[in-house]
Amino acid sequence: MAKGLPTSSSPAPPAASALRSLHHPPRRHAGCGGGSSAQSATSPSSAAAPSVYHPLLLLLARRLQHSRGLRSVLSAHARVLKSGLSRHATTANHLINAYVRHGDAAHAEHAFEDMSGSANVVSWTSVMAGHVAAGRPDRALSLLRGMPEGGVRPNAFTLCTAVNACAALAIAETGRQVHAVAEVSGLRNDLVVSTALVDMYGKSNRVDDARHVFDRMQCRNVVSWGSMLWVHAQNARAHEVLDLFGQFLRNGDGGGGGTSFPPNHFMLCSVVSACASLGRLGPGKSAHAAVIRRGHGENDVIDGALVDMYAKCGCIEYSQKVFRQMDSPTVIPFTAMIVAAARHGLVNVSLEMFDDMLARGLRPNEVTFVGVLHACSHAGLVDRGLEYLDSMSKSHGVRPSSKHYTCAVDMLGRAGRVDEAYDISKGMEVEGEEAVLLWTTLLSAGRKHRRLDIVEMARARLREYGKDMAGAYVMMSNTYAAAGRWENAVGVRMEMVRRGIRKDPGCSWVEVKDAVHVFYVGDASSCGRGEEVLQMVRELEEKMREMGYAHGGGGAITAAAADDEEPAGKPAVGLHSEMLALAFALIGLPNGGTIRVMKNLRMCGDCHEAFKLASVIVGRKLVVRDLNRFHHFSGGTCTCGDYW
C-alpha cells in the first residue's frame, strides 16, 4: 500500500491513521526542511518574515501575476533569490503559480523546495496541480503522501487536485484511497471534491461508484450534473443519460439547494450522444431544440454530435442540413459528416467532403481516415482505398493504426481479395480487442466467399485470445453448413454449448410516438398489437409473392434468417425481427413518412430483398440500420447497391 494514503477496505482504517498524521505536530520534511505555515508565530522564520504589504513583495507579486512568458518568471525568480525571499510563503506561492501557469512544473517544484519550512497548503496544492497539468499525476500523488510529514493538512482544493491525478491515471483503487481521506477529513459534502470524484470514478469505468457519490451530494451545480451525464454517456449507459437528464429538468439542482440552472453545452452534448447511441430520433430532436434555445448552435463539438446523432437515427438529410448551416466547420464536424455519409452508403458525398476538407487546409485525423476507408470498403473502391491508406503517413502525417488496417482487411475481403486480406492480418502485431476485431473481420470475409481455409485460420487465431466470440462461432458454423460440412457445423455448435457461449438473439426496434418497441425473432406479442402485426405481415407476404418473390422453402417472411438470427439449415421457426418491426410501424405511423428500423445484427440477404419489394408495395422510404451500415430502400432499390 502506498505510504500516507489510506484505504477504505481495511477493518482498522489506515484512513484514520492518515487522518491522525494530519493532526500530528509539524515535523521536518525532506523536501521542505521543516514545518509548515502551522508553525508557531514566535518561530524565528516567522518573526523575520516581512509583511505581505512590503513594497518589494508587492512589486514581485505584480510581476509574477502579469508575466507573459517563462523568461519573465525566471527573471522574477532570480530577484526573489537575491532578495532572500524564497522562504516567504506569499512570494513563493506567486512564483510557483506563475511557473504552473506557463507549464513548467520542474521549476515550480524547485521553488517549492526552496521554501523550506514556510510551505503551506497553497504551496503544496499549487505544485501538485502543476504536475497534473504537465502529465505527471504520479508525482502529484507522491507529494500528497508527503503532506502529513510536512505538517500540512490537505484542503478541498488539494484533494480535488489529487483526485484529478487519479483520474488521469485511471486507477480507481488509488482514487478510493483519496476518497477515504476526503471522508475522514470532513470534506465528503464539498461540491468541488465530490464532482472531481464523480469524474475520477467515471474515467476508471466505475460508474456505480460515481453515481453513489453523486446521489449523496447535498447540493449540485451544473458541473456536477454535467460530469454525471458524461460518465454515463462514456460508459455506454445511454438510457441512464436520458433518465438523469429528465431528472435534472424536473428537479433543477436536485440537491435541495432551491436553485435551478439551465443545461450547458457539455450536458447537451452528452444527451445528444446518448440519443445517437440509442437511435432515438424524438429525444434527439428535443435536445437539438434545447441546443438552439440555449445559444449553443455554433459550438463545433455539439455540431459534430448533432451530425452524428441524426446520421445514427437514420436521418442523413438532417445531418447534411446541420453541417451546411455551419459557417466555418472544423475537423470535428467534417469528420462526423464524412463518417456519417460513409455509413449511409453516400460514398461520393463522403469522399467529396474529404477533398473539401483538405482544400480548406484542415488536417484530417485518425477518425477521418476510418470514415474514408469505410466509404471505400462499402463501395468496392479497393484500390482507391489502399491509396488513401498509403497516403496517411506520407501526405498527412497520420500513422495508420490497427483500426485502419482492419478497414483494409474488410475492404479486400468484401471484394473477394481474401488472400491479400489474410496477408495484412498475419503481418499485424496487435493484441486484445484490436486483434479480435481484426481476425473476426477476416473470418467474415472467409464466410462470405466460402473460404474454409481462411475461416479455420481465423478461428485458430481467435482461440489464442480466449475470447468467447459468439458471433464468430455462428459465422463458422454457418460457413461449414453452407459448404455441406454438417459435421463440422454441428461440432462448432457443440463447442458453444460446452463453453456456455450464447449468441445475443436477433432483435429489431422501431420508434413510434416517442416510444421504442422491440421485436425478437418469431415474437409479435411484445407490442400489444400482435394480431394486427401478423395480419400486416401476411398481406405483405402475399403481395411479394405476386411480384414473383420466393425464398427457398417458405419465404423470407416465414423463415428465420440463416445468416445471423438462427443456425443455418434449421427449419422455419418464426418471423424476422425487422419484418415485425416494419409491420408494426406501418400500422402505428401516419401514412407517407419514412420508416426507420434499427437492428442489432447484420441484415440477411433474404430480408434485404424483402425490404426492396416492400418499399414498392407501401410506396414509402424504408431505412434500416444494421450492425455495419444503413440501408435506404426506395422504389425497389437500396443505396448499398446490394454490396454490403
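Keep in mind that this is a model prediction, so the values were computed, not measured.

### Overview of the overall build of the protein
For step 1, the next point in the chain: Across its full length, the protein holds 31 helices and 6 strands.
For step 2, the next point in the chain: Burial analysis of the protein (644 residues in total) assigns 50% to the buried set.
For step 3, the next point in the chain: Here the analysis covers contacts within the protein between residues at least 6 apart in sequence; of these, 64% occur between residues at least 24 apart.
For step 4, the next point in the chain: For the protein, the accessible surface area stands at approximately 28,800 Å², while carbon and sulfur atoms represent 51% of it.

### Some remarks on the nonpolar core
For step 1, the next point in the chain: Phe112, Met309, Trp439 and Leu443 are the most contacted members of the largest nonpolar core, which totals 136 residues.
For step 2, the next point in the chain: Excluding anything up to four places from it in sequence, Leu443 contacts Val455, Ala458, Leu462, Ala472, Met475 and Met476.
For step 3, the next point in the chain: Listed in part, the 35 residues of the second largest apolar core include Leu582, Ala583, Ile595 and Met603.

### Considerations on the side chain of Ser126
For step 1, the next point in the chain: Relative to the helices and strands, Ser126 resides in helix α7 (residues 121-133).
For step 2, the next point in the chain: Judged by its relative accessible area of 10%, Ser126 is buried.
For step 3, the next point in the chain: Those residues in contact with Ser126 that sit more than four places away from it in its chain are Ile96, Asn97 and Val100.

### Describing the pairing of strand β4 (residues 622-625)
The two faces of the sheet receive side chains in turn, since in a regular strand these alternate between them.
For step 1, the next point in the chain: On β4, burial covers both faces: Leu622 and Val624 on one face and Val623 and Arg625 on the other are all buried.
For step 2, the next point in the chain: Looking at chain direction, strand β3 (residues 595-599) and β4 are connected through 4 bridges and run parallel. Following the sheet pairing, Arg596 is matched in β4 by Val623.
For step 3, the next point in the chain: Crossover connection from β3 via helix α31 (residues 605-618) to parallel β4: handedness right-handed.
For step 4, the next point in the chain: In the sheet, β4 pairs with strand β5 (residues 630-634) via 4 bridges, with the strands oriented antiparallel. Paired with Arg625 across the two strands is Phe630, which belongs to β5.
For step 5, the next point in the chain: Between the end of β4 and the start of β5, which pair antiparallel, lie 4 residues.

### Concerning the packing of aromatic side chains
For step 1, the next point in the chain: Evaluated as defined, the whole model comprises 12 aromatic pairs.
For step 2, the next point in the chain: Residues Phe248 and Phe261 carry aromatic rings whose centres are separated by 5.8 Å and whose planes lie at 35° to one another, so their mutual orientation is tilted. Placement of the pair is Phe248 in helix α14 (residues 238-251) and Phe261 in the loop between α14 and α15 (265-278), with a sequence separation of 13 residues.
For step 3, the next point in the chain: Seen in terms of ring centroids, Phe519 and Phe584 are 5.6 Å apart; in terms of plane orientation they differ by 50°. Their pairing is tilted. One end of the pair, Phe519, is in strand β2 (residues 515-520); the other, Phe584, is in helix α30 (residues 577-588), with 65 residues separating them in the sequence. Here Phe519 and Phe584 have matching classes, each one buried.
For step 4, the next point in the chain: Three or more aromatic residues link up through ring pairs in this structure, and these residues are Phe214, Trp225, Phe245, Phe248 and Phe261.
For step 5, the next point in the chain: The ring of Phe214 is capped by Arg220, whose NZ or CZ atom sits 4.3 Å from the centre of that ring.

### A short note on the pattern of salt bridges
For step 1, the next point in the chain: Tallied over the entire structure, the rule returns 25 salt bridges.
For step 2, the next point in the chain: The shortest N-O distance in the salt bridge between Glu511 and Arg280 comes to 3.6 Å. Taken together, the positions of Glu511 in strand β1 (residues 507-512) and Arg280 in the loop between α15 and α16 (281-293) put the pair 231 residues apart, joining distant regions of the chain.
For step 3, the next point in the chain: For Arg280, a relative accessible area of 14% puts it in the buried group.
For step 4, the next point in the chain: Across the pair Arg417 and Asp383 runs a salt bridge, and its minimum N-O distance is 3.2 Å. Pair noted here: Arg417 is in the loop between α23 (402-414) and α24 (418-426) and Asp383 is in helix α22 (residues 382-396), with a separation of 34 residues, a long-range link.
For step 5, the next point in the chain: Using a relative accessible area of 26% as the deciding quantity, one classes Arg417 as partly exposed.

### Let's talk about unusual backbone geometry
For step 1, the next point in the chain: In this model, Asn205 sits at a positive phi of 65°, which is unusual for a non-glycine residue.
For step 2, the next point in the chain: Along the chain, Asn205 turns up in the loop between α11 (191-203) and α12 (207-216).
For step 3, the next point in the chain: The phi dihedral of Ala236 is positive, around 55°, even though this residue is not glycine.
For step 4, the next point in the chain: By the element assignment, Ala236 lies in the loop between α13 (222-234) and α14.
For step 5, the next point in the chain: Given a relative accessible area of 72%, Ala236 falls into the exposed group.

### With respect to the sheet that holds strand β6 (residues 637-638)
For step 1, the next point in the chain: Within the open sheet, the 6 strands sit side by side as β2-β1-β3-β4-β5-β6. Their pairing is mixed. Each of the sheet's edge strands pairs with one partner strand only, and the pair in question is β2 and β6.
For step 2, the next point in the chain: Sitting on the sheet, α31 is in contact with β4, β5 and β6, with an inclination near 40° to β5.

### Concerning the UniProt feature "repeat: PPR" (unreviewed entry) in the protein
For step 1, the next point in the chain: As annotated by UniProt and renumbered to match this structure, "repeat: PPR" (unreviewed entry) occupies residues 120-154, 190-224 and 330-364.
For step 2, the next point in the chain: Along residues 190-224 the backbone is 74% helical and 0% strand, and the end-to-end C-alpha distance reaches 11 Å.
For step 3, the next point in the chain: Across residues 330-364, the secondary structure splits into 74% helix and 0% strand, with the terminal C-alpha atoms separated by 10 Å.

### Brief notes about the pairing of β1
For step 1, the next point in the chain: Within β1, 6 of the 6 residues are buried, leaving the element largely enclosed by the surrounding structure.
For step 2, the next point in the chain: Side chains Cys507, Trp509 and Glu511 project from β1 onto one buried face, and the interleaved Ser508, Val510 and Val512 project onto a second face that is buried too.
For step 3, the next point in the chain: In this sheet, β2 lies alongside β1 in antiparallel orientation, the contact comprising 6 bridges. Looking across to β2, one finds that Trp509 is bridged to Val518.
For step 4, the next point in the chain: In this structure, the hairpin formed by β1 and β2 is closed by a connection of 2 residues, where Lys513 is found at a positive phi of approximately 55°.
For step 5, the next point in the chain: Of the strand pairs in this sheet, β1 and β3 are connected by 2 bridges, and their pairing is antiparallel. Bridge pairing in β3 places Ser508 opposite Lys599.

### Points about a nonpolar patch on the surface
For step 1, the next point in the chain: A cluster of nonpolar side chains, contributed by Val516, Val518 and Tyr520, occupies part of the molecular surface with about 220 Å² of accessible area.
For step 2, the next point in the chain: Positionally, Val516 belongs in strand β2.

### Brief notes about the packing of helix α8 (residues 137-146) against helix α9 (residues 156-169)
For step 1, the next point in the chain: At a minimum axis distance of 9 Å, the contact between α8 and α9 shows a crossing angle of 140°. Crossing of α8 against α9: the hand is left-handed. Only Thr158, Ala162, Ala165, Cys166, Ala168 and Leu169 of α9 make contact with α8, whose side of the interface consists of Pro137, Asp138, Ala140, Leu141 and Leu144.
For step 2, the next point in the chain: Split into classes, the residues belonging to the contact of α8 with α9 amount to 9 nonpolar, 1 polar and 1 charged.

Cut-offs applied
Every chain is numbered independently, its residues counted from 1 as its sequence is written. Totals for whole chains, interfaces and linings use every residue, but because this is a predicted model, local features are given only for residues with pLDDT of at least 70 and side-chain atom pairs only at 80 or more, for both listing and counting. Computation of side-chain values covers all heavy atoms of the structure but excludes hydrogens and water. Note on conventions: DSSP H or I runs of at least 4 residues are helices, E runs of at least 2 residues are strands, and numbering of each starts at the N terminus. Classification of residues uses two cut-offs on accessible area relative to the type maximum, computed with a 1.4 Å probe and protein chains only: under 20% is buried, over 50% is exposed, and between them is partly exposed. Note on definitions: a residue-residue contact is assigned when non-hydrogen atoms from the two residues lie within 4.5 Å. Methods summary: accessible areas were calculated by the Shrake-Rupley approach with a probe of 1.4 Å, and residue burial reflects only the protein chains presented. As used here, the term nonpolar core means buried Ala, Val, Leu, Ile, Met, Phe, Trp, Tyr and Cys residues forming a set that is joined through side-chain atoms within 4.5 Å. Should DSSP find at least two bridges between two strands, the strands are regarded as paired. Here a crossover is taken to be right-handed if, once the strands point away from the viewer, the path from the first strand over the helix to the second is traced clockwise. What counts as a ring pair is set by centres within 6.5 Å for rings of Phe, Tyr and Trp (its six-membered ring), and what kind of pair is set by the plane angle: stacked under 30 degrees, edge-to-face over 60, tilted for all other angles. Our definition puts a charge over a ring when NZ of Lys or CZ of Arg is within 6 Å of the ring centre and also within 35 degrees of the ring normal. By definition here, a salt bridge exists when the distance from a side-chain nitrogen of Lys or Arg to a carboxyl oxygen of Asp or Glu is within 4 Å. Geometry is summarised by axes, namely lines fitted to C-alpha atoms with helices restricted to the contacting stretch, and by angles between N-to-C directions that run from 0 to 180 degrees. UniProt positions are given in the numbering used here, feature names are shortened, and annotations may be inferred rather than shown by experiment. Each patch is built from residues that are more than 30% exposed by relative accessible area and take part in no salt bridge. Like charges join if they lie within 9 Å; nonpolar side chains (Val, Leu, Ile, Met, Phe, Trp, Tyr) join within 5 Å. Each crossing gets its handedness from the near helix: less than a right angle anticlockwise from the far helix is left-handed, clockwise is right-handed. Each residue gets one of three labels, nonpolar for Ala, Val, Leu, Ile, Met, Phe, Trp, Tyr, Cys and Pro, charged for Asp, Glu, Lys and Arg, and polar for the others, Gly among them.

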